[in-house]
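Here is how the chains run, residue by residue.
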Amino acid sequence: MRNAHRERGFGRPGGWQQADLPDPSDAPDWFAGRLPADWFTGPPEIEIDRDEIVVVGELPPPEAADGAPVAAATKEGALARWRESTRPARMQIADEAQRRYRRSVAWGVRLDGERILFTHLAVPVMTRLRQPERQVLDTLIDAGVARSRADALAWTVKLAGKHAESWLAELREAMRKVDDLRSEGPTGL
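So, here is what we can say about the structure in this document.

Each value, and the rule that gives it
- Residues numbered from 1 in each chain as written.
- Predicted model: local features only at pLDDT ≥ 70, side-chain atom pairs only at ≥ 80, totals over all residues.
- Heavy atoms only, no water.
- Salt bridge = Lys/Arg side-chain N within 4 Å of Asp/Glu carboxyl O.
- Helix = DSSP H or I, 4+ residues; strand = E, 2+ residues; numbered from the N terminus.
- Buried < 20%, exposed > 50% of the residue type's maximum accessible area, 1.4 Å probe, protein only.
- Core = buried A, V, L, I, M, F, W, Y, C linked by side-chain atoms within 4.5 Å.
- Contact = heavy atoms within 4.5 Å.
- Pairing = 2+ DSSP bridges.
- Axes fitted to C-alpha atoms, helices over the stretch in contact; angles between N-to-C directions.
- 1 Å grid on protein atoms, 1.4 Å probe; cavity = no way out; pocket = protein on both sides within 12 Å on 5 of 7 lines; lining within 4 Å.
- Points joined across faces, edges and corners; volume = space filled by probe spheres on them.
- Nonpolar A, V, L, I, M, F, W, Y, C, P; charged D, E, K, R; others polar.
- Patch = residues over 30% accessible without salt bridge, like charges linked within 9 Å, V, L, I, M, F, W, Y side chains within 5 Å.
- Areas by Shrake-Rupley, 256 points an atom, 1.4 Å probe, with all protein chains shown as cover.

This part is about the pattern of salt bridges. Tallied over the full model, the rule gives 10 salt bridges. Measuring nitrogen to oxygen at the nearest pair gives 2.6 Å for the salt bridge that ties Glu84 to Arg87. Taken as a pair, Glu84 and Arg87 lie in helix H3 (residues 72-101) at a separation of 3 residues, close to a single helical turn. Here Glu84 falls in the partly exposed class, since its relative accessible area comes to 48%. A salt bridge links Asp179 to Arg182; its shortest N-O distance comes to 3.5 Å. With Asp179 and Arg182 both in helix H6 (residues 165-184), this residue pair falls 3 residues apart, about one helical turn. Look at Asp179 and you get partly exposed, because its relative accessible area is 24%.

Rendered as structure tokens:
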């Protein structure tokens, strides 16, 4: 009998947490084929991690009757109308995608340059911090930047991600290349 670890391959992408999740690489194509063509002005953005798939599409900007600038309340009303009118179909599509990819599905839109997410996950993350790291978080709380250590940590991660995006993109590309090389290598080792 062959070792199950060897059959899967060494070093699955995403580590052990993703070992049993279906490959989501075809999710953008699946959503492109599944979403009604009239929902968005173009193809939606699909963001995927090990917990969630977020689908964000661009809505056409509402127009004022007299050509004047569109009021914020008009945009809010257009968003509410779209959200309510698409809810049953979005729920059905999300259920299908969740069965297919075993990840939660969240929805959002872009409207007049603003990105608005509907209900989406806030996943707890366990970490152990030594005193110097805790002091950083506590300083953010004391300065009024964050309300709690969890908020301070989320703020810090957002800040780091914003300033390190090109480096993170390079790292992700390197990991994809390693995965490609692994898949091309010999099996049954």
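If you look at the biggest cluster of nonpolar residues, it comprises 22 residues, and the most contacted ones within it are Phe31, Leu35, Val55, Val105, Trp107 and Val109. Those elements that provide at least two residues to this core are helix H2 (27-34), strand E2 (52-58), H3 and strand E3 (104-111). At 6 residues, H3 tops the list of elements feeding residues into this core. Leave out the neighbours within four places in its chain, and Phe31 touches Ile46, Ile53, Val55, Ile93, Ala97, Val105 and Trp107.

To continue, consider the sheet that holds E3. In space, the 4 strands of this open sheet follow the order E1-E2-E3-E4, with mixed pairing throughout. Two strands bound the open sheet, and with one partner strand each, they are strand E1 (45-48) and strand E4 (114-117). Geometrically, the sheet is characterised by an average inter-axis angle of 20° between neighbouring strands, direction not taken into account. Relative to E2, E1 runs antiparallel, the two being bridged by 4 bridges. Residue Glu45 lies in a different strand from E2, and its bridge partner there is Val56. Across the face of the sheet, H2 comes into contact with E1, E2 and E3 while running at roughly 140° to E1. Across the sheet, H3 is in contact with E2, E3 and E4; its angle to E3 comes to roughly 150°.

Okay, the layout of surface pockets next. Its boundaries defined by the atoms lining it, the second largest pocket holds a volume of some 230 Å³. Taken together, 15 residues line the second largest pocket, and the ones lying closest to its centre are Arg90, Val105, Ala106, Trp107 and Thr119. The set of elements that each furnish at least two residues to the lining of the second largest pocket consists of H3 and E3. Top element by residues in the lining of the second largest pocket is H3. It accounts for 6 residues. Per-class residue counts for the lining of the second largest pocket are 7 nonpolar, 4 polar and 4 charged.

Our next topic: a nonpolar patch on the surface. Residues Leu121, Val123 and Val125 make up a contiguous nonpolar surface patch of roughly 270 Å² in combined accessible area. Tracing the chain through its elements places Leu121 in the loop between E4 and helix H4 (131-142). Judged by relative accessible area, Leu121 falls into the partly exposed class, the value being 37%.

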